Amino acid sequence: MKKKNKIQTSTSRKVFMVCDYALLFLITLVCIYPFWYIIIYTFSEGSQVDVNPPVFLPRGFTLSNYKDIFELNGFFHAVLISVLRTVIGTVASVLSCSFLGYLFTKEEMPFRKFLYRFLILTMYISGGMIASYIVMKSYGLLNNFWVYILPMMISAYNIVLIKTFVEQLPASLEESARLDGAGYLTVFTKLILPLSKPIIATVAVFVAVGQWNSWFDNHIYTRGNEALTTLQYLLYNYLNEAQRLADQIKNTTNAAGMSQLVSNSISPKGIRMTITVLASLPIFMVYPFMQKYFVKGIMVGAVKG
Amino acid sequence: MARSKTVTVAPARKPKKQYKLLFMVLPFMVIVLLFNYVPIFGWIYSVFDYVPGVPILECDFMGLDYFKMIIKDANVIRALKNTFIFAGISIILTPLPMIFAILLNEIKSGPVRKFVQTFTTLPNFISWVIIFSLAFSLFSTDGLMTSVITKITGAEQAQSVLSSKGSVYWFQTFLAQWKTLGWNSIIYLAAIAGIDQQQYEAAKVDGAGYFRCAWHVTVPAMMETYVVLFILNVGNFLNTGYEQYMLFKNAVTAPAIEVLDLYVYRIGLENMDYSYGVAISIVKSIVSVALVVIANMVAKKIRGNTVI
Amino acid sequence: MKMKKVVAMVSALAMAAGLCTSAAADEAATDSDLSEHVEITIGGINMGSSDTKEGWPNEVVQKLEDKFNVTLSLKTYDNESLNLDLSGGNTTDIVQVNDANIEGVVKGKHAVNLEDYKDIAPNIFSDNMNFRNELMKTYKSNGDDVQYFVTPRVTFDGAEANYGTVLNNGYIVRWDLYKEIGCPEINNDDDYIEALKKMKEIYPETEDGLPVYAMSAYNDSHLHAYFYKGCLAEGYINLEGGIYVQNVTTNELVPDLYDEGVEGDTPFWSGIKFYNKLYREGLLDPDCFITKSEDLKEKYNKGQYLGGSVNWYYGTYNENQRTADPETLKEYVTLPSYLGWGNEKNLGGWFGKYFFVSSHSENVERAVMILDYLQSEEFSRDIDSGVEGRWTTDDSGKPSLTADTVAMKTDGSRLDEWKASGIGEGDLSSMCGLDYYNVASDGGLIDLWYDEDMLDDSMTYAEKDMCSTLGIDIPSDTLKKRVEAGTSIDLGTGINAIQMGLPTTPKNIVRIDSNCEEITMSAIPSLVQAASDEEFEAAKADLIAQLKDAGAEESVEWWSNAWAEAKTTIEGMTK
């Protein structure tokens, strides 16, 4: 950055590029290897990993970690629920957040500042779990699919991101559209949405990952209805079971009870690793697809023409 | 960019209020009210000695006792100190994801970029429990990294960073950054993608090289996002989360690692002290809002317009 | 909607099936209507969920379901979800809670008064349960003086415990190494450390070249690793958290951490001194303060430890060694310490596990009947020894496990069958009414696996070698001999029911105790790593001063008074 006033020579550019590649390579490596380790761990034989952890390739080869999970009661139903909540939740949230993000850029909105701050405030306050539970119960949302969608639909954080992005768009574009007689809705759908693809893709990734991986709402609001069990919650319970067996031994002060509990077959660690792999699936499935919206910068001219 | 916008919109005419817009926003605001504001009634638990399961009005009324307790609680003070250090460091490091995005943006090869972009987000999906167990195998006394560090520093005896009080802050910061860097940079990559390509062309016409393009076009375009996120983050100063600290807490690191969130978690779950936990979280909320308001005012002083 | 149809169909079918059996089978609940098939859910803190249980519903559960025309499922509660269900008033039909929840349950009127259902609960109100019931009425009713709760695993008069085949806690050694150094007698911590030293000399590193240590600590259970070691060495049982401990011989309460005015070492300080000695001898794992259960297990698996005090972590190592060589001597075995963790008298049942029938249940009567059945001798025998057929009675009427059942337990290829049999299923096992050692009405133990004839059946090669080397029949005889010689004690003299007589700890005391625990936790490194006695004493004085500042004396006062009162009353009740 110090060099900004000097004329750029191609050598300094080259040096920079080499350093840049080297640095990014290093960062990527540090990010990939632990993940690779987790993957090979999940394919390693359980009896071997503790004694001899894998390094580059699995120790032995087994699918049992995955098999155990696929064989869980209601696995496919849980996947279905997870996919449903991810798809519906993402569409609903992205649409409403981007619409709100756009509306809040409009200075002609009455009480704009107040409403915007009213929204932002939600990021910092919460009534606590018990209150939320009682509220959901009174809305009839307990054991109801919509409890996965509605409370998370309007995210102040995402709206701020979108609003900031929309504000950066050349204002002249919208003005000329408005002069042509387009209403707010038309401007939003025909102009803002296409131009905001990068930020919408980003928010979509955030929301989708959040939806796919959330289990806590399942845990507190929909425990009573097995038909609404999501994949992550199923896995959470499965992991808990393994963890619980391990803990139970310690919480038992009763002599005879203790000896009954000594042998526990499933290792929480292997399960945890497998869950990590499953949790990151959407990023592999959705993110590369979304990235095409990141790569190209927008062409204002193209939109105009 | 921000400047050009104010020029086109602000001074010429005061836009007429459009009530149509209000009607468009209101349904959404009702949802916000229902799901974010109605539950705030839970704050009432802080003035009772709440026993879960007992109707609130049958619980003992405590007045402001819990709030007074916060001030006297030595744990809160210590936890605050740790929170300040962790949060302070992470605030200082907030430009990292932006820098990372710029560096990544300089790479013109599409596949390489995509690869780096995708795979650097992976640590975000690794839970703290697993990070702990990975860290344990690398950084325990006979771990690989410990022997490397021992060689580098020339220390006589291998000392694990996991059981070293002096290393807590930088080591935990390192882990947190590792976990979130790639993920947090996504938003800046989006901001870069939003830059009007004409600006680059214009800059090039002016004779700007790569660095000047980056400095005069890319950075300003990201600054807006950065400042907004920065202000929001200032509000989250006290919300450091507890998971990471809970897992890496041990007899040696305990005094340095317990942050406020971890303390609240502990009193809520282990002591079943629900009401006290609510009281602390109320104070935290107030502090958060105050911090955001201050940050917003400072931003107004410096930049001429508020962010929020 | 589809779900509902399926449920309806399933229940209709089950109802038909249930009708056939229930009429004949049931005597206890003659006057209650079982014709409607219902679902009964038991939820509990730390209880597993039946969704994730293999082989559910197992034979034991099927028998219960047929008998009462119900579908039974188990559900996990954690503190969070239990609090929510209590606040929302929609708990499971039967709930198991711990001491901290009792006040909320009773005050919030979430539990039904079991005494109103005496007619359909003969097992709960059987004479053998009188003491337990009296405890529940007096201490677990928040002053209402009615019975809301029952506890599991009540020890009846005349139950005579044995120590099982192997010991669970004490001085753990690697058998091959211990044998190699000549099986020196271990009477106390110092003997043990000497033995560990010798073992390390002949085995300084593992076959893979990894360093070997005497032991480490599990740090994910607060102070447990330290005070529990001391409990075994000094003859105490701990109250939850280990801040207070109960002397097994005198049943006095002793403050464990803040030991001002206590003669001799309390368990915590005994444990800490032991760890300090290990440290000074260079035997302690340098990662002692950061290892958690999982890490410990891995290190045991790699053979990096020579000893320990609890048997929770070395199971996989032993198994791995046996798989590699069935006649291996490389196995961890447990030798007795001063206190042998056996022969426990749970006159009031297990503490910390209180079952109640929810007043929100749609089928209160049925739930009471199920809870009552869980308390029965029949169910207890079923869960410990399998349903009848898995065990049979001989001509003299004495029950014993069948050879097939015994074979099934150790045959890995019959694991599914074993799970489906339900024998010893962990969660059901900790909700049945009778202790393992109670003598059933047919003259056999509830848990037939503890029958004297069964004990030597399940020994491994290394354990057999241990027995022949030490001249005993089964490994636990090491403890038996010591108890007979008066050099060790067991839990027989301890009255753990006193712990149930304590009132709910006031919140300010909970806070003080929790602070003391935290303060102590942070002080451990400087204590364990003290290089000399002076340094140790200085670190101790420092900690004691900190505890005092944190209000330890206020806590000690509350606990001492509460304990004295409970002890007097309960000792009176047991006489």
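Details of the structure are given in the entry above.
The structure contained in this document is the topic of the report that follows. Each residue is numbered by its place in its chain's sequence as written, counting from 1. The lettering of chains begins at A and the numbering of ligands begins at 1, in the order of writing. Whole-chain, interface and lining totals are the exception, using all residues; otherwise, since this is a predicted model, local features are given only for residues with pLDDT of at least 70 and side-chain atom pairs are given and counted only at 80 or more. The side-chain figures draw on all heavy atoms in the structure; neither hydrogens nor water molecules are used.

**With respect to the pattern of salt bridges**
For step 1, the next point in the chain: Whenever a carboxyl oxygen of Asp or Glu lies within 4 Å of a side-chain nitrogen of Lys or Arg, that contact is scored as a salt bridge. Inspection of the entire model under this criterion finds 46 salt bridges over all chains.
For step 2, the next point in the chain: With its nearest N and O atoms 2.9 Å apart, the salt bridge here joins lysine 249 of chain B to glutamate 518 of chain C. With lysine 249 of chain B in the loop between α12 (243–248) and α13 (254–257) and glutamate 518 of chain C in helix α19 (residues 507–528), the pair connects residues from two separate chains.
For step 3, the next point in the chain: We call a residue buried when its accessible area falls under 20% of the maximum for its residue type, exposed when it is over 50%, and partly exposed in between, using a 1.4 Å probe and counting protein chains only. Its relative accessible area of 11% is what places glutamate 518 of chain C among the buried residues.
For step 4, the next point in the chain: Where aspartate 451 of chain C meets lysine 398 of chain C, a salt bridge forms, and the shortest distance between an N and an O atom there is 3.3 Å. Of this pair, aspartate 451 of chain C sits in the loop between α16 (426–429) and α17 (461–470) while lysine 398 of chain C sits in the loop between β12 (391–393) and β13 (399–401), and the two are 53 residues apart along the sequence.
For step 5, the next point in the chain: Residues participating in the shared-partner salt-bridge network are Arg78, Lys249, Glu258 and Arg266 of chain B together with Glu518 of chain C. Secondary structure follows DSSP: runs of H or I at least 4 residues long count as helices, runs of E at least 2 residues long count as strands, and numbering of each begins at the N terminus.

**Focus on the sheet that holds strand β7 (residues 253–255) of chain C**
Residues and elements named next belong to chain C.
For step 1, the next point in the chain: Taken together, the 3 strands give an open sheet; going across it, the order is β5-β6-β7, and neighbouring strands pair in antiparallel fashion. With one partner strand each, in any of the chains shown, β5 (236–238) and β7 form the two edges of the open sheet. Put simply, the sheet's adjacent strands are angled 35 degrees from each other on average, direction ignored.
For step 2, the next point in the chain: Most of the contacts of helix α21 (residues 552–574) go to strand β6 (residues 244–247), to which it runs at about 35 degrees, and overall it touches β6 and β7. Strand pairing follows a simple DSSP-based rule, namely that at least 2 bridges must link the two strands. Throughout, an axis means a line fitted to C-alpha atoms (over the contacting stretch in the case of helices), and angles, computed between N-to-C directions, take values from 0 to 180 degrees. Contact definition: two residues touch when any of their heavy atoms are within 4.5 Å.

**Concerning the pairing of strand β3 (residues 94–97) of chain C**
Residue and element names in this part refer to chain C.
For step 1, the next point in the chain: Neither face of β3 is open: one carries Ile94 and Gln96, the other Val95 and Val97, and all of them are buried.
For step 2, the next point in the chain: Pairing geometry for β3 and strand β11 (residues 354–357), over 4 bridges, is antiparallel. What sits directly across from isoleucine 94, in β11, is valine 357.

**Some thoughts on the packing of aromatic side chains**
For step 1, the next point in the chain: For Phe, Tyr and Trp, where Trp contributes only its six-membered ring, two rings pair if their centres lie within 6.5 Å, and the inter-plane angle classes them as stacked under 30 degrees, edge-to-face over 60, or tilted in between. Enumeration according to the criterion identifies 65 aromatic pairs over all chains in this entry.
For step 2, the next point in the chain: Residues tyrosine 33 of chain A and phenylalanine 56 of chain A carry aromatic rings whose centres are separated by 6.4 Å and whose planes lie at 65 degrees to one another, so their mutual orientation is edge-to-face. With tyrosine 33 of chain A in helix α1 (residues 10–43) and phenylalanine 56 of chain A in the loop between α2 (46–49) and α3 (64–70), this residue pair connects regions lying 23 residues apart in the sequence.
For step 3, the next point in the chain: Measuring from centroid to centroid gives 5.8 Å for tyrosine 45 of chain B and tyrosine 274 of chain B, while their planes differ by 80 degrees, and the two rings are edge-to-face. With tyrosine 45 of chain B in the loop between α2 (19–37) and β1 (48–49) and tyrosine 274 of chain B in helix α15 (residues 274–303), this residue pair connects regions lying 229 residues apart in the sequence.
For step 4, the next point in the chain: Note on geometry: a ring has a charge over it if NZ (lysine) or CZ (arginine) is within 6 Å of the ring centre and within 35 degrees of the ring normal. For arginine 178 of chain A, the ring lying beneath its charged end belongs to tyrosine 184 of chain A, and the centroid distance is 4.0 Å.
For step 5, the next point in the chain: In this structure, lysine 540 of chain C is placed above the aromatic ring of tryptophan 269 of chain C, and the distance from its NZ or CZ to the ring centre is 4.3 Å.

**A look at the interface of chain C and chain B**
For step 1, the next point in the chain: With 33 residues of chain C in contact, the opposing surface of chain B contributes 35 residues.
For step 2, the next point in the chain: By convention, the term buried area covers the 1.4 Å-probe accessible surface removed from two parts as they join, with the contributions of both added. Buried surface at the junction of chain C and chain B, both sides included, amounts to about 2,800 Å², of which 53% is carbon and sulfur.
For step 3, the next point in the chain: Counting the surface chain C buries against chain B, the share from its top three residues, Ile290, Lys507 and Arg511 of chain C, is 22%.
For step 4, the next point in the chain: Between glutamate 518 of chain C and arginine 266 of chain B there is a salt bridge; the shortest N-O distance is 3.7 Å.
For step 5, the next point in the chain: Distance and chemistry together define a polar contact, namely a pair of N or O atoms within 3.5 Å, with one atom able to donate a hydrogen and the other to accept it when in protein, and with adjacent residues in sequence counting only for side-chain atoms on both sides. Scanning the region where chain C abuts chain B turns up 10 residue pairs in polar contact (both at pLDDT 80 or more).
For step 6, the next point in the chain: Put simply, the parts of the chain that give the side of chain C that touches chain B at least two residues each are α3 (79–88), α4 (99–107), α10 (293–301) and α19 of chain C.
For step 7, the next point in the chain: Here the element with the most residues in the side of chain C that touches chain B is α19 of chain C; it accounts for 9 residues.
For step 8, the next point in the chain: Gly counts as polar in this scheme, as do all residues outside two lists: the nonpolar Ala, Val, Leu, Ile, Met, Phe, Trp, Tyr, Cys and Pro, and the charged Asp, Glu, Lys and Arg. Across the side of chain C that touches chain B, the residue classes tally to 10 nonpolar, 13 polar and 10 charged.

**Regarding the sheet that holds strand β8 (residues 307–310) of chain C**
Residues and elements named next belong to chain C.
For step 1, the next point in the chain: A sheet is described by the order of its strands in space; here 3 strands give the open sequence β8-β4-β9, paired in antiparallel fashion. Each of the sheet's edge strands pairs with one partner strand only, and the pair in question is β8 and β9 (332–335). For this sheet, the mean inter-axis angle between neighbouring strands, taken without regard to orientation, is 30 degrees.
For step 2, the next point in the chain: Here strand β4 (residues 169–174) pairs with β9 via 4 bridges, running antiparallel. Bridge pairing in β9 links tyrosine 171 to leucine 335.
For step 3, the next point in the chain: On the sheet, helix α8 (residues 224–234) packs against β4 and β8 and is oriented at approximately 100 degrees with respect to β4.

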